[in-house]
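# Descriptive structure summary
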Amino acid sequence: TMGNSSSNNVFLSVNDSRTCIAAGSTISGEIRCPDHSVSNDIFSGVTLHFIGKEDVEVQYTDSGQCSGTRGGGAKYKAATRDIVRTIIPLDTSRNSLEAGRYPFQFHIPDQLPSSMYYKDGNGGYCSIRYKVKLHLMRGTDQEIALEIMAKPPITSPIPSVADPTPTRIAFLYCIPQGSLIWAASAENTRVGVGESVTINLGMKNESVAKLERVTAKLKQTIEWHSSGHQSTNKSVIRSSSFDKTDSMGPCNKDGNMSQAAQPLTVYEEVLNTVQEGNNQVTFPIPDYVPQSYTGRLIKIRYHISITAKTPSCFTNPKIHIPIEIVSPRNTPPIVTAQAIPMPSAPSLSYDEYFDTSDATAPYLANREEIVLDSIERKPLMTGINEYRLDGTSEPHPPDFDTSLIEPFSGQTRIRALTH
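Before going into details, it helps to say that this report is about the structure given with it. The structure displayed is predicted, hence computed values, not measured ones. (Residues numbered from 1 in each chain as written. Predicted model: local features only at pLDDT ≥ 70, side-chain atom pairs only at ≥ 80, totals over all residues. Heavy atoms only, no water.)

### Details of unusual backbone geometry
So the rule is basically this: For helices the rule is a DSSP run of H or I covering at least 4 residues; for strands it is a run of E covering at least 2, with both sets numbered from the N terminus onward. Classification of residues uses two cut-offs on accessible area relative to the type maximum, computed with a 1.4 Å probe and protein chains only: under 20% is buried, over 50% is exposed, and between them is partly exposed.
Even without being glycine, Ser227 reaches a positive phi, approximately 50°. In this fold, Ser227 is placed in the loop between strand E16 (213–226) and strand E17 (229–241). Relative accessible area serves as the criterion here: at 55%, Ser227 is assigned to the exposed category. Residue Cys313 is not a glycine yet carries a positive backbone phi of 80°. The topology assignment puts Cys313 in the loop between strand E20 (298–309) and strand E21 (318–326).

Here it is in structure tokens:
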């Protein structure tokens with residue numbers, strides 16, 4: 001497939017421009033000048049660029065006047081920042097000049113994040129866009145939009161560490177009611193879109209509180225900012241409950257452990273349950289979610305939140321496991337574009353996001369379609385990898401506390417946060 005743009009008898013085309021192209025690939029195209037009078041002096045002021053940008057717009061309220069005001073009093077601040085801007089060299093040989101056809105070929109940088117577009121419910125949005133732009137001194141500039149898929153990671157899976165931890169249960173937040181000894185682990189904390197992440201759970205209830213249920217949720221946080229204004233959207237992507245087991249039942253008030261060896265036995269029991277995968281849930285990662293990303297204007301983060309729901313007035317222990325969503329491991333160099341709908345996820349209420357209510361269903365609803373038949377269209381793909389936006393192509397480290405990373409049997413593993 002080929003994308004075309006023309007102006008003043010100068011035609012720009014890029015091969016495979018209507019498909020998703022993997023970072024690290026080489027693509028080609030040409031500039032055609034049928035009019036030789038134009039062709040002979042085309043290089044007096046022609047520049048061909050490959051450009052990638054963060055593009056955001058934030059909706060905010062302000063008591064003062066603002067030129068960015070739209071209908072209904074809403075105000076918006078827009079910002080862009082270059083991710084990459086590269087000059088594409090052209091073939092200027094005599095044969096090209098005589099034929100009026102100037103081919104070009106360029107390598108897409110390996111560490112680019114994927115194209116993406118996300119819109120909140122207030123008219124604001126954030127996106128990563130790519131294009132090939134032809135600047136003409138004697139005519140209108142031309143550009144062709146490209147969809148880029150980030151290069152998949154080549155590292156092996158990174159599991160989180162299952163470290164059984166006693167968590168105090170309190171009534172009215174201050175009266176001790178015993179403790180919950182539990183642990184959870186993700187079999188891989190770096191998972192591709194379209195792939196699945198499995199969470200294993202083990203626990204022993206040594207409190208008098210009866211556990212109503214234990215739920216796991218895959219949560220997404222997307223932030224973008226412009227001129228001091230910020231938009232933050234939090235959503236639940238997946239939600240599921242673990243099976244109820246006998247070990248979740250309340251402990252007899254007179255059944256406190258007295259033998260010194262018993263705590264180790266409970267520790268081993270919980271750890272074995274996690275390692276053997278006796279109680280687990282699996283979350284498929286939807287194709288449309290944007291991948292983890294840390295840029296100057298945009299940040300996208302994910303984590304698994306596991307909550308033990310107790311009766312009213314008792315504390316609800318939680319475990320958080322950071323998750324990095326990346327490109328699928330089997331990404332081909334050229335991927336046929338799919339016109340999948342993009343969700344405009346409504347922001348969650350405090351209760352929904354922080355598990356203070358019974359709402360556990362995913363938000364997946366009210367999707368919006370993206371128009372694809374214009375070179376000004378919003379980017380289709382939603383995948384993004386870590387990418388440093390300071391002019392280098394070095395990838396950012398994962399967006400979580402590095403103190404949580406520790407070596408384990410020759411692999412890097414991530415310890416879960418419990419609170």
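Now, onward.
### Here's the deal with the pairing of strand E13 (residues 175–186)
Going by this rule: We call two strands paired when DSSP finds no fewer than two bridges between them.
Pairing geometry for strand E12 (residues 165–171) and E13, over six bridges, is antiparallel. Of the residues in E13, the one forming a bridge with Phe171 is Ile175. The antiparallel pairing of E12 with E13 creates a hairpin that spans three residues between the two strands, and Leu172 there sits at a positive phi of about 55°. Here E13 runs beside strand E15 (residues 196–207); their pairing, made up of nine bridges, is antiparallel. Bridge pairing links Gly178 to Ser207 in E15.

### Thoughts on the sheet that holds E13
The cut-off we apply is this: Geometry is summarised by axes, namely lines fitted to C-alpha atoms with helices restricted to the contacting stretch, and by angles between N-to-C directions that run from 0 to 180 degrees.
With antiparallel pairing, four strands are arranged side by side in an open sheet as E12-E13-E15-E18. Looking at which strands have only one partner, the edges of the open sheet turn out to be E12 and strand E18 (280–284). Within the sheet, the average angular offset between the axes of one strand and its neighbour, ignoring direction, is 30°.

### A few points about the pattern of salt bridges
Put simply, the rule reads: Here, a salt bridge means any Lys or Arg side-chain nitrogen found within 4 Å of an Asp or Glu carboxyl oxygen.
Taken as a whole and assessed by the stated rule, the structure comprises ten salt bridges. Between Glu212 and Lys309 there is a salt bridge; the shortest N-O distance is 3.8 Å. Taken as a pair, Glu212 in the loop between E15 and E16 and Lys309 in strand E20 lie far apart in primary sequence, 97 residues in all. Between Glu223 and Arg301 there is a salt bridge; the shortest N-O distance is 3.0 Å. Residue Glu223 is located in strand E16, and its partner Arg301 is located in strand E20; the two are separated by 78 residues in the primary sequence. Through salt bridges with shared partners, one network takes in Glu30, Arg32 and Arg101.

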